[in-house]
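# Structure at a glance
The residues making up each chain are set out below.
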Amino acid sequence: MSTRGNPWAVYRRLLSYARPHLGVYLLGVLGMMLYAATEAGLAGLVKFFARGTFLKHDPTVLWLIPVAVVGLFLLRGLGDFTSNYFPGWVGRRVIKQLRQEVFSHYLRLPTSFLDGQQSGHLLSKLTYNTEMVSAAATNASVSLIRDSLSVIVLLVYLFYLNWRLAFFCIAAAPPIGWLMQVANRSFRRYSTRIQNSMGDITRVAKEAIDAHRLIKIFNAEEHQSERFERVNEANRASNMKLVFASALSNPVVQLITSFALAGVLYVSERQVFAHRLPIDVFFGFFAAAMMVPPHLRRLVNISGPLQQGIAAGESVFEILDQAPENRGGGLPIERARGEIEFRNVCFDYAGGKGPVLQDLSFRVQAGETVAIVGRSGSGKTTLASLLPRFYDVSGGAVLLDGHDVREYRLEDLRAQVSLVSQEVVLFNDTIRNNIAFNAAGKTDAEILEAARAANVIEFVAQQPLGLASPLADRGQNLSGGQRQRISIARALLKDSPVLILDEATAALDNESERRVQQELALLMRGRTTLVIAHRLSTVENADRIIVLDRGRIVETGTHQQLLAADGLYAALHGMQFNA
Ligand SMILES: Nc1ncnc2c1ncn2[C@@H]1O[C@H](COP(=O)(O)OP(=O)(O)O)[C@@H](O)[C@H]1O
Ligand SMILES: [Mg+2]
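Because the structure is predicted, anything quoted here is derived from the model rather than measured.

Moving on to the overall build of the protein chain. From N to C terminus, the protein chain includes 20 helices and 10 strands. For a compact globule of 579 residues, the expected C-alpha radius of gyration is about 25 Å, and the protein chain comes in at 35 Å, more than 25% above that figure. Principal axes of the C-alpha set define a box for the protein chain whose edges measure 120 × 55 × 50 Å. Burial statistics for the protein chain: of 579 residues in total, 47% are counted as buried. Considering only intrachain contacts with a sequence separation of at least 6, the fraction spanning at least 24 residues in the protein chain is 79%. Split by element, the accessible area of the protein chain, about 29500 Å² in all, is 59% carbon and sulfur. Where the 60 positive side-chain charges of the protein chain centre and where its 52 negative ones centre are 10 Å apart.

Laid out in structure tokens, this is it:
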């Protein structure tokens, strides 16, 4: 169901989240009814007071009125509490569920979609936009129901007291309704802008915080502040439009109601002069009539949060409606042998600049190590991402153990592949949990063994907590080699039959590279391995080397064969050797 550009559909869909909590919400509605009833009660009390005091001179009003006032306000307070608490409870549930769904959905979105997104915007949808939905689901809906109920109850009372006069009050309804419509439309437009600008604020802030070292070395603090100032100013400006519209709507509502009031006053005075309007009815009528405008004012005011919520809901549903990753075929696989075949593989990135891989064909036997080399941008990383289906081929097929990778269940397929790349991703957690990432079934002994084999223990031993030491923000307190060893331990623990090393040592200095190389050799043992490297020293020992150039295989062979062939590989090798 698409909800784009259709506010009612968005609202209905939001309501569908609240539906399971309908009972709780109805408790709130009971409170709203009680609250609305006390409004008419108060006006009735004024009438009763005027009648007892001025017309009847009844001494019982002396104590009855004060007691009734306190009693009425007690009921009113009860209605007030219930009408805020229970819808608030529902609202927070809805928000939590929506957040959870959005987060889970982010995890299931295809890589190709996420490539094209700004993470700051995705973050702010999760934090800010969902919060806006909450305001619409609670405050705005409470006000919508409660104030409408109050207005209706008061109008009924007014008609009951004097229908001729009440007609004047009704006259104000059409212009106010029209005003609300205009306000709604502009509020929704501004809300979308505000949300986008919140996304920009999050994006710029996230980039700046992530890049703190870069900013420092470039002395770019001013430059970043200016960038932030721009998005911050855009946010202020969009918000001011909302502030202006909502500030203006109040006085306009007041003005409209004043016309209605003026009419009522004129007619009622004439009726009083003609002795057709008793004084208690006059007082009661005015008490009730004066209670209507604050409700109208709130009703007009809620269109801000309401429209913000709808715009936010729309942006959140847009994400939820994005098709998730294809979960693959039904073919299960426990542990692959590890035969890989690329068969006439072609690939281009969606919206990319043309073909990245063209008609690639090669086979890798189980347990074999094949190196893929080539200039930067020749398509090595792309080639490797086709195996765990980060992307799907545009033509041809990638096969694992003789079956197209698309035939396997996606989880099963990915369980067969370990990926160690140049950029090590670590979480704000202990070293142990970073190694045992989603490895609930592994014992402490296995984790320790992996940590020892990858020489993580060596640098962890100096820390008082050992493997339980927490990492600072994404492992910034570790050296590049240490971080890489954690990711090697992670791969050792995963123990998958296929291994992809994508420039795993590219970020390391010579000495750590040599050390990490040993750990990698251990990791490669007994696995089918694709080694991607531009530093050719790391690929010389591979069983076979495939040389890529602009997405095509231009050479294959062993190190010696390729040197003898004196082609691109020999040229690349010569270049590095001379350097
Ligand atoms: N996510 C992406 N979206 C669009 N184009 C991409 C993406 N990743 C890489 N490319 C392009 O694909 C080509 C091959 O990139 P890549 O496979 O990363 O090369 P290599 O790993 O050999 O350096 C490059 O031209 C690059 O610009
Ligand atoms: Mg690469």
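From this point, the narrative continues.
Right, let's get into a nonpolar patch on the surface. Residues Phe49, Phe54, Leu55, Ile279 and Phe283 make up a contiguous nonpolar surface patch of roughly 430 Å² in combined accessible area. When residues of the nonpolar patch are traced back to their parent elements, those giving at least two are helix 2 (22-55) and helix 10 (279-301). Among the elements that make up the nonpolar patch, the one with the highest residue count is helix 2 (three residues). Turning to its location among the elements, leucine 55 is positioned in helix 2.

At a minimum axis distance of 5 Å, the contact between helix 6 (residues 163-171) and helix 7 (residues 173-210) shows a crossing angle of 20°. By the angle class used here, helix 6 and helix 7 are roughly parallel. Contacts from Cys169, Ile170 and Ala171 of helix 6 reach helix 7 at Ala173, Pro174 and Pro175. Of the residues that constitute the contact of helix 6 with helix 7, the class distribution is six nonpolar, no polar and no charged.

According to the domain assignment, the protein chain contains domain 1 (7-320), domain 2 (338-416 + 500-509 + 530-579) and domain 3 (423-495). The gap between the C-alpha centroids of domain 1 and domain 3 is 51 Å.

Bringing a negative patch on the surface into the picture now. On the surface, a cluster of negative charge is made up of Glu221, Glu222, Glu226 and Glu229. Along the chain, glutamate 226 falls in helix 9 (residues 221-273). With a relative accessible area of 44%, glutamate 226 lands in the partly exposed category.

The next thing to look at is the environment of alanine 183. Mapped onto the fold, alanine 183 is located in helix 7. Judged by relative accessible area, alanine 183 falls into the buried class, the value being 9%. When the C-alpha positions of alanine 183 and proline 305 are compared, they lie 11 Å apart, and in sequence the two are 122 residues distant.

Let us look at the packing of helix 3 (residues 61-108) against helix 5 (residues 119-161). Between helix 3 and helix 5, whose axes approach to 9 Å, the crossing angle comes to 155°. Viewed along their axes, helix 3 and helix 5 adopt a mutual orientation that is roughly antiparallel. Viewed along their axes, helix 3 and helix 5 form a crossing whose handedness is right-handed. In terms of residue class, the contact of helix 3 with helix 5 is made up of 11 nonpolar, eight polar and six charged.

Taken as a whole and assessed by the stated rule, the structure comprises 29 salt bridges. One salt bridge in this structure joins aspartate 495 and arginine 527, with 2.9 Å as the shortest N-O distance. Of this pair, aspartate 495 sits in the loop between helix 17 (480-494) and strand 7 (498-502) while arginine 527 sits in the loop between helix 18 (510-524) and strand 8 (528-532), and the two are 32 residues apart along the sequence. In this structure aspartate 495 comes out as partly exposed when scored by relative accessible area, which is 35%. When its relative accessible area of 7% is taken as the criterion, arginine 527 is described as buried. Beyond isolated ion pairs, a larger network of salt bridges with shared partners links Glu325, Arg327, Arg409, Glu411, Asp412 and Arg414.

A few words on the pairing of strand 7. Within strand 7, five of the five residues are buried, which leaves the element mostly enclosed by the surrounding structure. Side chains of strand 7 alternate between two faces, with Val498, Ile500 and Asp502 and Leu499 and Leu501 buried alike. As paired elements, strand 6 (residues 417-421) and strand 7 share five bridges and run parallel to each other. By the bridge assignment for strand 7, leucine 419 is matched with isoleucine 500. Relative to strand 8, strand 7 is paired through five bridges, and the arrangement is parallel. Opposite leucine 499, over in strand 8, you have threonine 529 as the bridge partner. Note on the crossover from strand 7 through helix 18 to strand 8: the handedness is right-handed.

Taken together, 13 residues sit near ligand 1, with Gly377, Gly379, Lys380, Thr381 and Thr382 positioned nearest. The contact in question runs from an oxygen atom of ligand 1 to an N or O atom on the side chain of threonine 382, over 2.4 Å. Protein chains shield 65% of the accessible area of ligand 1, which is 560 Å² for the free molecule. At three residues, the largest contribution of residues to the shell around ligand 1 is made by helix 12 (residues 380-385). The residue inventory of the shell around ligand 1, partitioned by class, reads three nonpolar, six polar and four charged.

How each quantity is defined
Residues numbered from 1 in each chain as written. Chains lettered and ligands numbered in written order. Predicted model: local features only at pLDDT ≥ 70, side-chain atom pairs only at ≥ 80, totals over all residues. Heavy atoms only, no water. Helix = DSSP H or I, 4+ residues; strand = E, 2+ residues; numbered from the N terminus. Rg over C-alpha atoms; globule rule 2.2 N^0.38 Å. Buried < 20%, exposed > 50% of the residue type's maximum accessible area, 1.4 Å probe, protein only. Contact = heavy atoms within 4.5 Å. Areas by Shrake-Rupley, 256 points an atom, 1.4 Å probe, with all protein chains shown as cover. Lys, Arg positive; Asp, Glu negative; His and termini not counted. Charge placed at Lys NZ, Arg CZ, Asp CG, Glu CD. Patch = residues over 30% accessible without salt bridge, like charges linked within 9 Å, V, L, I, M, F, W, Y side chains within 5 Å. Salt bridge = Lys/Arg side-chain N within 4 Å of Asp/Glu carboxyl O. Axes fitted to C-alpha atoms, helices over the stretch in contact; angles between N-to-C directions. Parallel < 35°, antiparallel > 145°, perpendicular 65-115°, else oblique. Nonpolar A, V, L, I, M, F, W, Y, C, P; charged D, E, K, R; others polar. Domains from an automatic or database assignment. Left-handed = near helix turned anticlockwise from the far one by under 90°. Pairing = 2+ DSSP bridges. Right-handed = clockwise from strand over helix to strand, strands pointing away. Near = heavy atom within 4 Å. Polar contact = N/O pair within 3.5 Å; in protein donor to acceptor, adjacent residues only side chain to side chain.

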